[in-house]
Amino acid sequence: MSTLIETQGLQKYFKTSKGFLHAVDGIDLKIEEGQTLGVVGESGCGKSTLGRAVLRLQEPTAGKIFYEGRDLMAMNKAEMHHMRTEMQMIFQDPYSSLNPRMSIWELIAEPMLINNMYKGDKAGLNKRIEELMDTVGLAKRLTHSYPHELDGGRRQRIGVARALSLNPKFIVCDEPVSALDVSIQAQILNLLMDLQDERGLTYMFITHDLSVVKHISNEIMVMYMGTCCLLYTS
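On a predicted model such as this, the values are computed, not experimentally measured, just so you know.

Q: Can you break down the pattern of salt bridges residue by residue, with the values?
A: For the structure shown, the criterion picks out 10 salt bridges. Linking Arg52 and Asp174 is a salt bridge whose minimum nitrogen-to-oxygen distance equals 2.8 Å. In this pair, Arg52 sits in helix α1 (residues 47–54) while Asp174 sits in strand β7 (residues 170–174), placing the two residues 122 residues apart along the sequence. With relative accessibility at 24%, the residue Arg52 sits in the partly exposed group. A salt bridge links Glu59 to Arg56; its shortest N-O distance comes to 3.0 Å. Each of the salt bridges in this network shares a partner with another, and the network as a whole consists of Glu68, Arg70 and Lys169.

Put into structure tokens, the structure is as follows:
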């Protein structure tokens, strides 16, 4: 297996009235292609900030990020826009991360439209949306439904479909099941694992739940106050 994602001395500091908050402080990690790195730790330890920093959704203060050996920190805005088709994120709260005024069709279509996929090909876009809905277990009859009309599990399936729409290789899963009931958690976890097997996806899976991280991860990194205090194979 080859290394897909690597960070070296990754830092993200936030300026506060009392000085600097070291949210991520010198993280070195490697994630092999097709594997899952679980990142676990108490609330406020910096694990979500780490996920966003790896994708440069929040600009790191210092350090290096490599994707397939390419230095992401050396890329300009246009280059990073292209790279983000290969790197996506599934957010913790599916309700707050979805535009309530957009239907399922519109929500799944949005990333593809922003990236000019299927330009002028409405039939191709419709077919792709149907395929994605089927992949994540959303019934076709829900195409024109809105997020408030769905339960948490279905809303999170929309988030998974959006992440898959650009055919990424790497997905940061930021507490994707923490807001769901236990029975629905298992469904979403199984979906993510099945997608990984089928598509060879690579995950960074962020959670505070030890049982969840053990279930899905190949390696587990424990964070404490912005640093990696333990790394082991599950």
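Q: How would you sum up the packing of helix α4 (residues 122–136) against helix α5 (residues 152–164)? Please name residues and give values.
A: Interaxial distance between α4 and α5 falls to 9 Å at its minimum, and their mutual angle equals 130°. The orientation of α4 with respect to α5, classified from their angle, is oblique. Judged by the sense of rotation from one axis to the other, the crossing of α4 with α5 is right-handed. Facing α4, whose interface residues are Arg128, Leu132, Thr135 and Val136, α5 presents Arg157, Val160, Ala161 and Leu164. By residue class, the composition of the contact of α4 with α5 is 5 nonpolar, 1 polar and 2 charged.

Q: How would you summarise the nonpolar core if you had to cite specific residues and measurements?
A: Core analysis: the biggest nonpolar cluster contains 37 residues, and Ile108, Ile129, Ile158, Val160, Leu164, Ile171 and Leu192 have the highest contact counts within it. If you list the elements that add at least two residues to this core, you get α3 (104–114), α4, α5, β7, α6 (182–199), β8 (202–207) and α7 (210–216). It is α3 that contributes the most residues to this core, 6 residues altogether. If we skip the residues at most four places from it in the chain, Ile129 touches Trp105, Ile108, Ala109 and Met112. With 28 residues, the next largest nonpolar core counts Leu4, Leu29, Ala53 and Met83 among its residues.

Q: Can you lay out α4 for me, pointing to particular residues and giving the numbers?
A: Under the 1.5 Å per step criterion, the end-to-end length of α4 is 21 Å for 15 residues, consistent within 8% with the ideal 21 Å. Every buried residue belonging to α4 is among Gly124, Leu125, Arg128, Ile129, Leu132, Met133 and Val136, and all of these are buried. For α4, the elements touching its buried residues are α3, α5 and α6. Directly after α4, the chain includes Gly137, whose backbone phi takes a positive value near 85°.

Q: Can you explain the pairing of strand β3 (residues 36–40)? Please cite residues and give values.
A: Where burial is concerned, most of β3 is hidden: 5 out of the 5 residues are buried. With burial as the criterion, each face of β3 is covered, one bearing Thr36, Gly38 and Val40 and the other bearing Leu37 and Val39. Bridge count between β3 and β8: 5 bridges; the pairing is parallel. What sits directly across from Thr36, in β8, is Tyr203. The pairing of β3 with strand β9 (residues 219–224) spans 4 bridges and is classified as parallel. The residue bridging Val39 from the neighbouring strand is Met221, located in β9.

Q: Tell me about the sheet that holds strand β10 (residues 227–233), residues and numbers included.
A: Pairing within the open sheet is mixed, and its 6 strands lie in the order β6-β7-β8-β3-β9-β10. Each edge of the sheet is formed by a strand with only one pairing partner; in this case those strands are β6 (87–90) and β10. The average undirected angle you get between the axes of adjacent strands in this sheet is 20°. The pairing of β6 with β7 spans 4 bridges and is parallel. Within β7, the residue paired with Met87 across the bridge is Phe170. Sheet strands in contact with α5 are β6 and β7, and its direction is about 175° off that of β6.

Q: Hey, could you go over unusual backbone geometry for me, with residue numbers and the actual values?
A: Glycine aside, negative phi is the norm for most residues, and most peptide bonds take the trans geometry. Positive phi values are uncommon outside glycine, yet Asn167 reaches one of about 55°. Along the polypeptide, Asn167 turns up in the loop between α5 and β7. Of note in the backbone geometry, Met225 takes a positive phi value of approximately 50° without being a glycine. For Met225, the location among the structural elements is in the loop between β9 and β10.

Reading the values: the criteria
- Residues numbered from 1 in each chain as written.
- Predicted model: local features only at pLDDT ≥ 70, side-chain atom pairs only at ≥ 80, totals over all residues.
- Heavy atoms only, no water.
- Salt bridge = Lys/Arg side-chain N within 4 Å of Asp/Glu carboxyl O.
- Helix = DSSP H or I, 4+ residues; strand = E, 2+ residues; numbered from the N terminus.
- Buried < 20%, exposed > 50% of the residue type's maximum accessible area, 1.4 Å probe, protein only.
- Axes fitted to C-alpha atoms, helices over the stretch in contact; angles between N-to-C directions.
- Parallel < 35°, antiparallel > 145°, perpendicular 65-115°, else oblique.
- Left-handed = near helix turned anticlockwise from the far one by under 90°.
- Contact = heavy atoms within 4.5 Å.
- Nonpolar A, V, L, I, M, F, W, Y, C, P; charged D, E, K, R; others polar.
- Core = buried A, V, L, I, M, F, W, Y, C linked by side-chain atoms within 4.5 Å.
- Expected span 1.5 Å × (residues − 1).
- Pairing = 2+ DSSP bridges.

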